[in-house]
Amino acid sequence: MQLNYHQDILEIVLDNPPVNALGAASRRQLLEALDSADANSCVSAIVIRGGGALFSGGADISEFDKPWLEPGLPGLVDRLERCSKPVVAAIHGICYGGGLELALACHRRIASPAARMALPEVLLGLLPGAGGTQRLPRLIGARAALKMMLDGAPVDASTALALGLVDLIAGDLAVAALEMARQAATDQIRRTGDLPLPKDLREAVLDARENLSKRSLSPAQAYIIDSVAVMDELFSAGQAVEARLFTTLLATEASRGLRHAFFGERKVARIPGLSKEINQRDIKRVGVVGGGVMGTGIAIALLNAGLDVTIVDLQPEVRAKAESTIRTTIQRDVNKGRIDQRIADARFAALCIADDLSAMSRVDLVIEAVFEDIEVKKKVFTALDQHTRPDAILASNTSTLDLDVIAAFVKNPSRVIGLHFFSPANIMKLLEVVRGRETAPELLVAAMAFAKRIGKVGVISGVCDGFIGNRIFEEYLRQVYFMLEEGALPQQIDAAMEKWGMAMGPCRTMDLAGQDIGWAIRKRRAVQNPERPYSGIPDRICELGRFGQKSGKGFYLYPDGRTAQVDPEIEQLIVGYSDEFGIERREISDEEIISRCLLAMINEGAKILEEGIAYRPIDIDMTYLLGYGFARERGGPMFQADQIGLPSVFEQLNALAQGRNGWAWTPSPLIGRLAAGGESFESLNQ
Ligand code: 3H9
């Protein structure tokens with residue numbers, strides 16, 4: 001923390017890079033600075049600003065699972081508000097969470113035009129716990145404050161000014177803040193905590209509660225409303241409730257899961273064992289081979305990120321469809337006010353659609369998104385080898401084929417990498433970055449930077465059938481199908497998993513993805529891994545031509561093409577299958593469904609770790625949170641394993657291995673070792 005004296009004004013500069021988080025050391029220094037300024041008759045006013053590019057990212061989230069160190073943030077913020085000298089918050093860049101709560105306790109606030117302010121605690125399963133729920137409504141009204149706290153989204157400087165969250169916007173912030181402090185020194189101090197209760201308190205709370213019942217909000221959102229609802233003329237009364245609710249939320253699995261995901265999203269970007277010296281590649285022009293659904297989605301994601309895109313497809317009707325889908329999707333963003341026409345036109349101008357791979361001669365990166373057949377891939381990669389610059393990166397979007405085999409189709413396999421997008425590619429945040437045996441390390445660095453550039457999170461996987469995501473999904477589905485033959489029905493399994501936190505149940509997911517895709521994979525695996533058979537139920541469904549949504553029926557009926565409707569024929573088929581194979585159907589509880597699905601994911605995840613396919617458990621968790629609809633509050637399968645406790649996971653796997661289809665449950669030795677050593681998956685995340 002720096003202290004600068006400008007005659008009688010003390011300027012306190014928060015200095016805790018990279019985000020000026022208000023960790024214990026910063027809090028201590030700030031408290032000391034305030035105490036000494038208060039006692040110093042030469043100081044007539046104080047300015048607090050952030051060093052570097054931002055004011056503050058808030059409380060130090062990494063301290064939340066450790067014992068609290070004094071001074072706590074709520075106490076410090078109160079102390080600041082009680083300061084006998086006026087304090088001005090000079091806000092530039094980000095001012096989030098505890099950082100904004102600090103600013104709220106200052107007596108005046110001035111912001112730079114590009115400043116952004118938010119109380120995003122809700123996104124971590126928390127509420128603003130340093131007086132935010134009590135001060136923000138007093139300052140800007142209960143309705144506006146509830147909105148900011150319930151969605152956690154930032155407001156820009158001009159919105160903040162209109163709301164009364166800041167008093168002034170100034171281009172030359174440092175100078176204007178000193179000027180404001182000088183003026184404040186002659187005025188009476190305005191303390192936010194002393195403001196009267198907001199006039200709209202009752203009404204805003206009632207409306208928010210009504211929304212709560214309509215949309216079933218999260219516990220953090222419910223507590224935010226509760227904390228605002230108890231606001232009292234006596235500030236400390238509401239604050240005490242806020243503190244209690246904050247502590248309660250901090251201990252919930254949801255908040256721990258969300259914080260795990262927050263750090264995980266950042267951790268996966270670090271590639272273990274790679275030197276920081278590796279040069280970044282500049283990727284500006286990208287080629288996409290294949291104009292189908294996947295290629296089109298990838299192209300939209302690239303265009304949205306401002307890249308030049310060349311799509312090559314041999315078939316004129318596919319090219320025409322790709323172009324019209326891209327135009328419609330981008331134009332929809334204009335119609336919805338997300339971008340202006342000028343940006344849309346620039347995106348259209350950056351698109352080129354061609355019928356020959358010679359159009360790839362200038363690109364920095366090619367992403368192949370053609371049919372999942374090794375012979376087709378061979379043709380494409382052999383041609384790309386001739387038509388691309390020797391230093392261009394060649395990426396395959398394959399989801400299940402062996403990347404090392406694909407890389408061998410080109411003279412220099414070190415320039416081949418896997419970039420596995422998830423459908424719809426312009427929406428899903430996950431990008432599985434697959435490192436082949438020969439992939440050059442600099443390509444991994446380039447691919448991870450590229451993922452970030454196009455708004456995705458890259459997770460690195462080694463080569464295996466299905467990589468991280470689909471390989472685990474296979475074991476999940478295997479158990480789902482076994483449970484169907486043992487007594488469950490698709491609607492029960494889907495409902496149980498969705499209630500637990502999956503965005504979509506497994507049977508509905510397969511209907512959406514296309515049952516024929518799963519069928520083709522099962523046929524291939526039946527040859528490659530005959531010792532690991534599936535239940536025959538999904539094959540029976542495919543034999544009836546029920547490929548899911550696209551054919552109007554799969555596990556369910558889709559009368560309108562989208563909404564799943566239970567089909568008694570499927571129940572008959574499933575029950576008939578059990579009879580045919582002499583499998584005695586029994587009641588399967590929702591708990592068993594959830595537990596078997598989860599244990600299957602955990603066990604395969606552990607095997608993937610042991611084989612070095614994933615670097616860390618967090619890579620698996622992020623794959624599932626970002627690509628497979630695993631609820632963020634649940635933290636991912638490996639996080640869940642730690643919640644259950646590895647000794648219990650190991651014991652349950654061993655018990656299952658003794659039962660029906662026990663071969664599918666051979667416990668991962670890694671789980672056994674970690675359990676015996678009293679360790680967790682989290683211990684491998686460092
Ligand atoms: C809170 O304030 C509670 C209070 O109400 C009550 C308390 C009693 N703490 O995202 P980036 C790290 S809750 C610790 O890549 P960007 C991050 O992990 C908090 N660390 O940068 C990363 O580390 P590494 C409410 C933090 O420029 C590095 O900083 N606040 C924190 O893309 C760079 O981060 C929030 O929820 C933190 N608060 O985005 C804001 N923030 O380099 C959370 C970041 O080792 N933070 N780190 O991987 C953000 O939204 C973004 O980080 C921010 C910067 C927009 C600030």
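Keep in mind it's a predicted model, so treat the numbers as computed, not measured. (Residues numbered from 1 in each chain as written. Predicted model: local features only at pLDDT ≥ 70, side-chain atom pairs only at ≥ 80, totals over all residues.)

### Concerning the overall build of the chain
Here's step 1: If you tally the helices and strands in the chain, you get 28 helices and 17 strands.
Here's step 2: Relative to the 2.2 N^0.38 estimate, which gives 26 Å for 686 residues, the radius of gyration of the chain is 28 Å and therefore close to what a compact globule would have.
Here's step 3: Seen through its principal axes, the chain has C-alpha atoms that stretch 85 × 60 × 50 Å.
Here's step 4: Every one of the 686 residues in the chain was classed for burial, and the buried ones make up 47%.
Here's step 5: Pairs at least 24 apart in sequence give 72% of the contacts found in the chain among residues at least 6 apart. (Helix = DSSP H or I, 4+ residues; strand = E, 2+ residues; numbered from the N terminus. Rg over C-alpha atoms; globule rule 2.2 N^0.38 Å. Buried ≥ 20, exposed ≤ 12 C-beta atoms within 10 Å, placed from the backbone. Contact = placed C-beta atoms within 7 Å.)

### Here's the deal with the domain arrangement of the chain
Here's step 1: The domains assigned to the chain are domain 1 (2–251), domain 2 (285–463) and domain 3 (469–684).
Here's step 2: Measuring from the centre of the C-alpha atoms in domain 1 to the corresponding centre in domain 3 gives 45 Å. (Domains from an automatic or database assignment.)

### Let's talk about the sheet that holds strand β11 (residues 308–312)
Here's step 1: Read across the sheet, 8 strands follow the order β12-β11-β10-β13-β14-β15-β16-β17 without closing on themselves; strand pairing throughout is mixed. Since the sheet does not close on itself, it has two edges, and those belong to β12 (351–354) and β17 (457–461), each with one partner. Neighbouring strand axes in the sheet, compared pairwise and without regard to direction, differ in orientation by 25° on average.
Here's step 2: One ladder, built from 5 bridges, connects strand β10 (residues 285–289) with β11; its direction is parallel. Counterpart to Gly 287 in the pairing with β11 is Thr 310.
Here's step 3: Helix α12 (residues 293–304) contacts β10, β11, β12, β13 (365–368) and β15 (416–421) of the sheet and is inclined by roughly 165° relative to β11. (Pairing = 2+ DSSP bridges. Axes fitted to C-alpha atoms, helices over the stretch in contact; angles between N-to-C directions.)

### Points about the site of the ligand
Here's step 1: As a structural note, the neighbourhood of the ligand is formed by 25 residues, with Gly 57, Gly 58, Ala 59, Gly 97 and Gly 98 the closest of them.
Here's step 2: Broken down by secondary-structure element, the contributors of at least two residues to the shell around the ligand are α2 (73–81), β5 (94–96), α3 (98–105) and α11 (253–267).
Here's step 3: When grouped by side-chain class, the residues that make up the shell around the ligand number 14 nonpolar, 7 polar and 4 charged. (Near = placed C-beta within 6 Å. Nonpolar A, V, L, I, M, F, W, Y, C, P; charged D, E, K, R; others polar.)

### A few points about the pairing of β11
Here's step 1: Among the 5 residues in β11, 4 count as buried, and that is most of the element.
Here's step 2: Read from β10 through α12 to β11, the crossover connection turns out right-handed. (Right-handed = clockwise from strand over helix to strand, strands pointing away.)

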